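Below are the chains, spelled out letter by letter.
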Amino acid sequence: MSVDAGIENPLMNPALPNADYTARARLFGGNRMKLGVMAFNCSHGSTITTVPEAWRLNWPDTVEIAQAVDRAGMEAVLPVGRWRGYGGPSNFNAVTFESFTWASAIAALTRYVTVLATCHVPLVHPLMVAKMAATIDHVSNGRFALNVVCGWFKNEFDMFGAHMRPHDDRYKFATEWLDFLKKAWMAEEEFDFKSESFDALSVWSQPKPIQKPHPPIMNAGGSPAAQDFTTRYCDMNFVILKDRTFLQGARAQIAHLKQLARSHGRETRIWIHVYVVCRETEKEAKDYLNYYVVEKGDWEAAGNLLRIFGMHTETLDNKTLDGHKAHFIAGHGGYPLVGTAEQIVDELGKLANIGVDGCLISWVDYKNELAQWNTGVLPLMVQAGLRAPFPPGEPAKSKVPARSNAPARAAF
Ligand SMILES: Cc1cc2nc3c(=O)[nH]c(=O)nc-3n(C[C@H](O)[C@H](O)[C@H](O)COP(=O)(O)O)c2cc1C
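Residues numbered from 1 in each chain as written. Predicted model: local features only at pLDDT ≥ 70, side-chain atom pairs only at ≥ 80, totals over all residues.

S.K.: How would you summarise the environment of Val-80 if you had to cite specific residues and measurements?
M.R.: Topologically, Val-80 is positioned in the loop between strand S2 (76-78) and helix H3 (99-108). Along the sequence, Val-80 and Trp-185 sit 105 residues apart, while their C-alpha atoms lie 23 Å from each other. Setting aside chain neighbours within four positions, we find Val-80 in contact with Met-38, Ala-39, Asn-41, Cys-42 and Thr-118. (Helix = DSSP H or I, 4+ residues; strand = E, 2+ residues; numbered from the N terminus. Contact = placed C-beta atoms within 7 Å.)

Below is the structure:
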């Protein structure tokens, strides 16, 4: 099945020529529930399973997926920052495309979608990032955004011979790092940058990014130190929802982050990772989830991941982490969207109501399930008022019956 099924060819049906497709326009405004696809720069994506249909990393399919996301009007593609796998029979995430070079190539091959790169702050110098990001922002005509992570996977740091700082010091360093990066993006003249960790003289970085004052910045982290950092210095927080069964708990988590950002005089937008199993019936979806998680899950690789994650992070306490083990196998700790297209859209509506601004999706079988998403779920989201049609004024062709006559919100 082609991943483009049901989506107009953009060359035949171009979006409005004057529409603003910069990352800032699309991630800070636009649709009520934004969407992206994540982790397909890594073997197995976000699914720790041994089923044969799991994502096998290769470039031709990567391009096909990115271009289908682009044409469907979703807002983002996000590569994970990963340098090695977790062992086990699947050796989950053992093969990965590097994030910035991936983003640059994807940027050249797409037209509308925001392309992110995930950067390990301690492993890349901020001046290098300033240049790479500015380059991708030019390649994409302003469609670049940066996801900064402080790192937790010690085995990766060991490969670089890099020091992993004590937990809260990571965010202290990240604050200096980001300060340097923003200065390199924004200062027109040469500058010196001195801080506890940097001593740089006569810094010069041109060209500046296309987006002013700079491309959007996301941070993935959940500890109090991460929350302080992200709400002071970043534009978006990519979070794990701690509470899966009672959305009230998730509502409080999100309200807290948004309130914290406001107390620092800024806005934050909340993105979450969702893993999707969409089938004709709820039973089929649940059966497939059970198959790839319980029957075919790689519990050894998941155990390795959770053991190291538990040791080096403060995102979730060990008891909660253990309780989330199946969610890690199913989709790296993401939030489950499992059921029929209608059930999934209902759940997306609830997530929007508690303040989630965007969902980054992973599937077991990206190509086929993305095609199904584009034909089966996106049109229902338009009908539910969660998204506007794309390209503007041209709804995606629906193969599912109309659900309601609720007017779609205008996106651009
Ligand atoms: C949704 C989400 C996505 C993440 N993506 C990455 C990633 O791509 N690479 C990485 O090394 N860490 C990633 N992390 C880990 C965080 O950056 C961070 O190191 C971890 O959550 C521990 O930080 P904390 O103890 O401050 O919460 C991610 C975390 C979350 C919640």
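Structure's up, so let's keep going.
S.K.: Break down the site of the ligand for me, citing the residues and quoting the values.
M.R.: The full set close to the ligand counts 23 residues, and Val-149, Ser-223, Ala-226, Thr-313 and Thr-315 are the nearest of them. Elements supplying a minimum of two residues to the shell around the ligand: strand S3 (114-120), helix H7 (224-233) and strand S8 (236-239). Partitioned by chemical class, the residues of the shell around the ligand number 11 nonpolar, 10 polar and 2 charged. (Near = placed C-beta within 6 Å. Nonpolar A, V, L, I, M, F, W, Y, C, P; charged D, E, K, R; others polar.)

S.K.: I'd like a description of the pairing of strand S9 (residues 269-278), backed by residues and values.
M.R.: Within S9, 9 of the 10 residues are buried, which leaves the element mostly enclosed by the surrounding structure. Here 4 bridges tie S8 to S9, and the two strands are oriented parallel to one another. Paired with Phe-238 across the two strands is Trp-271, which belongs to S9. The handedness of the S8 to S9 crossover, carried by helix H8 (residues 247-263), is right-handed. Examined bridge by bridge, S9 and strand S11 (residues 358-362) share 5 bridges and lie parallel to one another. Paired with His-273 across the strands is Leu-360, a residue of S11. Strand direction decides the pairing type here: S9 and strand S10 (residues 335-339), joined by 5 bridges, are parallel. The partner of Tyr-275 across the bridge, within S10, is Pro-336. (Buried ≥ 20, exposed ≤ 12 C-beta atoms within 10 Å, placed from the backbone. Pairing = 2+ DSSP bridges. Right-handed = clockwise from strand over helix to strand, strands pointing away.)

S.K.: Which residues make up H3, and what values do they have?
M.R.: Each turn of an α-helix holds 3.6 residues, which means side chains three or four residues apart point in the same direction. Counting buried positions over the 10 residues of H3 gives 7, a clear majority of the element. Those residues of H3 lying buried are Ser-99, Phe-100, Trp-102, Ala-103, Ser-104, Ile-106 and Ala-107. Each element contacted by the buried residues of H3 is listed here: helix H2 (59-72), S2, S3, helix H4 (126-139) and strand S4 (144-149).

S.K.: If you had to explain the nonpolar core to someone new, which residues and values would you point to?
M.R.: In this structure, Val-37, Val-77, Ala-103, Leu-116, Met-218, Val-276 and Met-381 are the most contacted members of the largest nonpolar core, which totals 119 residues. At 9 residues, helix H14 (residues 366-383) tops the list of elements feeding residues into this core. Filtering out sequence-adjacent residues up to four positions away, Val-77 remains in contact with Gly-36, Val-37, Ala-66, Val-69, Ile-106, Val-113, Val-115 and Leu-116. (Core = buried A, V, L, I, M, F, W, Y, C linked by C-beta atoms within 7 Å.)

S.K.: Account for the packing of helix H13 (residues 341-353) against H14, naming residues and giving values.
M.R.: It is the contact of H13 with H14, at a shortest axis distance of 9 Å, that shows an interaxial angle of 45°. Taken together, H13 and H14 sit at an angle that is classed as oblique. Note on packing geometry: the crossing formed by H13 with H14 is right-handed. Facing H13, whose interface residues are Ala-341, Glu-342, Ile-344, Val-345 and Leu-348, H14 presents Gly-376, Val-377, Leu-380 and Met-381. For the contact of H13 with H14, a count of residues per class yields 7 nonpolar, 1 polar and 1 charged. (Axes fitted to C-alpha atoms, helices over the stretch in contact; angles between N-to-C directions. Parallel < 35°, antiparallel > 145°, perpendicular 65-115°, else oblique. Left-handed = near helix turned anticlockwise from the far one by under 90°.)

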